[in-house]
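Descriptive analysis of the structure
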Amino acid sequence: MTDLDELKITKIEGTAIPVEGNDIDTDRIIPARYLKEITFTSMGNYPFYDERFDTDGNSKGHPFDDPRFQGASILLVNKNFGCGSSREHAPQALMRWGIKAVVGESFAEIFAGNCTMLGIPVVTASATHVQELMEQTKSSPQTAVVIDLEHQEIRYGAAPEPTRIGLEIPESRLKAFMHGTWDSTGILLSNAEKTKAVAERLPYISGFDGG
Amino acid sequence: MAQGTLYNKVWDSHVVDKLPTGQYQLFIGLHLIHEVTSPQAFDMLSEKGLSVAYPNRTFATVDHIVPTDSQARPFQDGQAEAMMSALEKNARKFGLQFFSFNTGQQGIVHIIGPELGLTQPGMTIACGDSHTSTHGAFGTLAFGVGTTQIRDVLATQCLAMDPLKVRRINVNGRLGPGVYAKDVMLYIIHQLGVKGGIGYAYEYGGAVFDRMTMDERMTVCNMSIEGGARVGYVNPDETTFEYLRGRKFAPSGLAFDKAVEYWRSVASSPDAQYDDVVDFEGAAIEPMVTWGVTPGQSVGVSDRLPDPDAMSPEDKKSAEFAYNHMGLKPGSPIKGTPIDVAFIGSCTNSRISDLREAARVVQGHKVANSVKAFVVPGSQQVKQQAEEEKLDEVFREAGFDWRGAGCSMCLAMNPDKLVGSQISASSSNRNFVGRQGSKEGRTLLMSPAMVAAAAIEGRVADIREFLS
Ligand code: SF4
């Protein structure tokens, strides 16, 4: 197995969390004041912060605080999700909260690109299909959802007869996930053997006693 | 295209592959990390389920956020404490050597690399800090990188890089008395401009560099980045080899001799070709002081401040902005400008030789009443050495604060900050607006000896008059 194989993302399985509404911008996903933090480490605490808590810190009942959706890994959204500022903190915050894939009607381009760099597939489905999936997870939060990039479909509900809906993802991104080349680390890693050869050739790596 | 230079040789020996993007995959021989820019990179690594590919090629220290008056844990600043803990955790988790306080080897990352003998000629070096160029003093290609690239080095020990052009900068002849490496570099930046080095690696040579100590070469290479060059280096020679002999991580015994042979071989060949060559005369360089908000806005200490009307439109605009911020007037002398704070420290000028030189100036004098003066050694080892030589007593008796090792007021991420519109005489490398912790704060960059003289006079002084 090459190292690139380890970076291949062909399928995401988990439960889903619906966040309804169009034009949810990155400021809403992660308020600007958290950009001051020097690490991404705590970003997982902040997605949708101002929509989740009032000024006294009391929960406003947002899905991200709803006990029924804890542990979900697939985010369901509507139109033009992730518009506004290009901050990488937005996908970072979602990812650190536990999101591994996003399904929606449409996405802002920069947001989708940032997600791709982090290995988070962002896929689209028709408005009707998204709505049905959202309804399903709202009534049964434990519904198993599979995003199958290889077969370009989303399956949800119990086997053997899960509901199947089509998904769309731009060709280049699909390839990047399927081939494990969605970031520079992956490309560099794929040359691990050549890297080792260079290291072995450099006299200082062997402490100058290799002869 | 340059040929036969150290840059070409080291680059070629570290190329792993040409990438589909057109960039080159370059093996990185030494990776240095610190608390501020590494945590995100480690997070990305863990999230991908990746490990550190060559854990024995990465070394960690803590410098940017450390308080220099007390190193007691937890730090008072919660964010600083969090960063420190993150580094400790990551070093443990990935099995990286961490020069923490208790090792006695903690310090500014660009001070400790050379001091420990980690930095050796012919290496490629990366660190998430732009002043990584410092390590070029040893004949290395040392790159400052961003967080995503730190992640790449951790995961693969490689970077995707574009090649650079090479400019040879000769400083010929001799330096006058009271003129230091810092002045040489401020002069070069003044002459070539803060953007002059973009796209270039700077190779420094000529009689002045041949005579310089390693400490002095580091001061120059450190500020390559202020001149726009991502990389700056000096070819390794006997001075380099002698510096490295006996250092903790330097080869020893027979291996040292083999190493010297290799180190010699990476130096630029006598017939090397450069993309550009520039010559300066050492005798033309005065003690330098910056008056503006870029490191290129400087004058000789006996000069008057320049007239914006005599400048190109672009320079004029930035000069006017600088005058406005600094509250200084074109045509007035820089000498005599009152200062509020004197800071001796930073990876540019906090090595033992810097402290010795400053102490020599300070000896038998008192810091002016109006001035708050402090010395922040670059590393615990520098601090210890200075204390063995009783330099701390010289500074303390004169009224300087004597601190622990760290970056301190170079970038004011720790509690050491300018207040309001205070003016500092600083041995650091950047005079950007806000750099030293106050939006209105003002910074005059100069050599540590000049900072010492300014601390005593309470105003910018000419070290040459001061010493005579
Ligand atoms: S001393 Fe200043 S320039 Fe050097 S590493 Fe620290 S903050 Fe950066």
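Residues numbered from 1 in each chain as written. Chains lettered and ligands numbered in written order. Predicted model: local features only at pLDDT ≥ 70, side-chain atom pairs only at ≥ 80, totals over all residues. Heavy atoms only, no water.

1. Some remarks on the overall build of chain A
Formally: Secondary structure counts use DSSP, requiring at least four H or I residues in a row for a helix and at least two E residues in a row for a strand, with both numbered from the N terminus. For the exposure calls, accessible area comes from a 1.4 Å probe over protein chains only, and a residue counts as buried if that area is under 20% of its type's maximum, exposed if over 50%, partly exposed in between. The contact definition used throughout considers only heavy atoms, calling two residues in contact when any of these lie within 4.5 Å. To measure how exposed things are, a 1.4 Å probe is used in the Shrake-Rupley method; for residues, cover is taken only from the protein chains shown. Lys and Arg are tallied as positive, Asp and Glu as negative. Neither His nor the chain termini are counted. To locate a charge, take NZ of a lysine, CZ of an arginine, CG of an aspartate or CD of a glutamate.
Secondary structure assignment for chain A yields 9 helices and 8 strands. Principal-axis analysis of the C-alpha atoms places the extent of chain A at approximately 70 × 45 × 30 Å. By the burial criterion, 50% of the 211 residues in chain A qualify as buried. Partitioning the intrachain contacts of chain A with sequence separation of at least 6 by distance along the chain shows that 67% fall at a separation of at least 24. Counting every atom, chain A has about 9500 Å² of accessible surface; 49% of that belongs to carbon and sulfur. In chain A, the 20 positive side-chain charges and the 30 negative ones have mean positions that sit 2 Å from each other.

2. A short note on the sheet that holds strand 8 (residues 158-161) of chain B
Residues and elements named next belong to chain B. Note the following rule: Think of it this way: DSSP has to see at least two bridges between two strands before they count as a pair. Throughout, an axis means a line fitted to C-alpha atoms (over the contacting stretch in the case of helices), and angles, computed between N-to-C directions, take values from 0 to 180 degrees.
Taken together, 3 strands build an open sheet; the order of strands is 1-2-8 and the sheet is antiparallel. A strand with exactly one partner marks an edge of an open sheet, and here the two such strands are strand 1 (15-18) and strand 8. Between one strand and the next, the sheet's axes are offset by a mean angle of 25 degrees, whatever the strand orientation. Examined bridge by bridge, strand 1 and strand 2 (residues 24-27) share 3 bridges and lie antiparallel to one another. Counted as the bridge partner of lysine 18 is tyrosine 24 from strand 2.

3. Things to note about the site of the ligand
Residue and element names in this part refer to chain B. What counts is decided by this rule: If even one non-hydrogen atom of a residue comes within 4 Å of a molecule or strand, that residue is called near it. Classification used: nonpolar for Ala, Val, Leu, Ile, Met, Phe, Trp, Tyr, Cys and Pro, charged for Asp, Glu, Lys and Arg, polar for all others including Gly. Residue ranges assigned to the domains are those given by an automatic or database domain assignment.
Near the ligand the following residues occur: His64, Ile108, His110, Asp129, His131, Ser346, Cys347, Cys407, Cys410, Leu411, Asn429 and Arg435. A breakdown of the residues in the shell around the ligand according to their chemical character gives 5 nonpolar, 5 polar and 2 charged. Counting contributing residues per domain, the shell around the ligand is built from domain 1 (6-161) and domain 3 (288-467), each supplying no fewer than three.

4. Things to note about the packing of helix 2 (residues 39-47) of chain B against helix 3 (residues 78-94) of chain B
Residue and element names in this part refer to chain B. Which entries qualify depends on this criterion: Angular relationships are summarised with four words: roughly parallel below 35 degrees, roughly antiparallel beyond 145, roughly perpendicular across 65 to 115, and oblique for the angles in between. For any pair of crossing helices, the crossing counts as left-handed if the nearer helix is rotated counterclockwise from the farther one by less than a right angle, and right-handed if it is rotated clockwise.
Where helix 2 contacts helix 3, the axes come no closer than 10 Å and their chain directions differ by 40 degrees. In terms of orientation, helix 2 and helix 3 fall into the oblique class. Seen from above, helix 2 lies across helix 3 with left-handed handedness. Contact with helix 2, carried on its side by Pro39, Phe42, Leu45 and Ser46, involves Ala86, Asn90, Lys93 and Phe94 of helix 3 and no other residues of that element. Grouping the amino acids of the contact of helix 2 with helix 3 by side-chain chemistry returns 5 nonpolar, 2 polar and 1 charged.

5. Section: the packing of aromatic side chains
All names here are of chain B. Test applied: Note on aromatic pairs: the rings of Phe, Tyr and Trp (six-membered ring only in Trp) are paired at centre separations within 6.5 Å, and the planes decide the class, stacked below 30 degrees, edge-to-face beyond 60, tilted for the rest.
Using the criterion set out here, one finds 27 aromatic pairs over all chains in the structure. With 5.8 Å between their ring centres and 25 degrees between their planes, tyrosine 7 and tryptophan 11 make a pair best called stacked. Taken together, the residues tyrosine 7 and tryptophan 11, both in helix 1 (residues 6-14) and 4 residues apart, mark about one turn of the helix. A single burial state applies to tyrosine 7 and to tryptophan 11, both of which are buried. Summarising the aromatic geometry, the rings of phenylalanine 75 and phenylalanine 101 are spaced 6.2 Å apart at their centres and angled 80 degrees between planes, so their arrangement reads as edge-to-face.

6. Quick word on the confidence of the model for chain B
Segments scoring low in pLDDT should not have their predicted coordinates read at a detailed level. Stated precisely, the cut-off is as follows: Per residue, pLDDT captures the predictor's confidence, and it can take any value from 0 to 100.
Within chain B, residue pLDDT values average 95, and 99% of them lie at 70 or more. In the model output, the complex is listed with pTM 0.81 alongside ipTM 0.93.

7. Comments concerning the environment of Arg167(B)
Residues and elements named next belong to chain B. By secondary structure assignment, the location of arginine 167 is in strand 9 (residues 165-172). Judged by its relative accessible area of 9%, arginine 167 is buried. Distance from arginine 167 to isoleucine 198, taken between C-alpha atoms, is 11 Å for residues 31 residues apart in sequence. If we ignore the near neighbours within four places in the chain, the residues touching arginine 167 are Leu192, Gly196, Gly197, Tyr200, Ala201, Tyr202, Glu203, Asp276 and Val278.

8. Section: the pattern of salt bridges
All names here are of chain B. Under the convention used in this document: Any carboxyl oxygen of Asp or Glu that lies within 4 Å of a side-chain nitrogen of Lys or Arg is treated as forming a salt bridge with it.
What the rule picks out here adds up to 31 salt bridges over all chains. For the salt bridge of arginine 73 with glutamate 81, the shortest nitrogen-to-oxygen distance reads 2.9 Å. Put simply, glutamate 203 and arginine 168 hold a salt bridge, and the shortest N to O gap is 2.6 Å. Of this pair, glutamate 203 sits in strand 10 (residues 200-205) while arginine 168 sits in strand 9; the two residues are 35 residues apart in sequence, bridging distant segments of the chain. Of the two residues examined, glutamate 203 and arginine 168, each falls in the buried class.

9. Notes on the domain arrangement of chain B
All names here are of chain B. Here is the rule we go by: Once two parts are joined, some of their accessible surface, as seen by a 1.4 Å probe, is lost; buried area is that loss totalled over both. Polar contacts, as counted here, are pairs of nitrogen or oxygen atoms within 3.5 Å of one another; within protein the pair requires one atom able to donate a hydrogen and one able to accept it, and residues that are adjacent in sequence qualify only if both atoms are side-chain atoms.
On domain assignment, one finds that chain B holds domain 1 (6-161), domain 2 (165-284) and domain 3 (288-467). Computed over C-alpha atoms, the centres of domain 1 and domain 2 are 22 Å apart. The interface of domain 1 with domain 2 comprises 34 residues on the first partner and 33 residues on the second. On the domain 1 side of the interface with domain 2, the three residues burying the most area are Leu6, Pro121 and Ala137, jointly 21% of the side's total. At the junction of domain 1 with domain 2, the criterion picks out 0 salt bridges. Here domain 1 is connected to domain 2 by 17 residue pairs in polar contact (both at pLDDT 80 or more). Counting residues per element, the side of domain 1 that touches domain 2 draws most heavily on helix 1, at 5 residues. A class-by-class count of the residues in the side of domain 1 that touches domain 2 yields 16 nonpolar, 16 polar and 2 charged.

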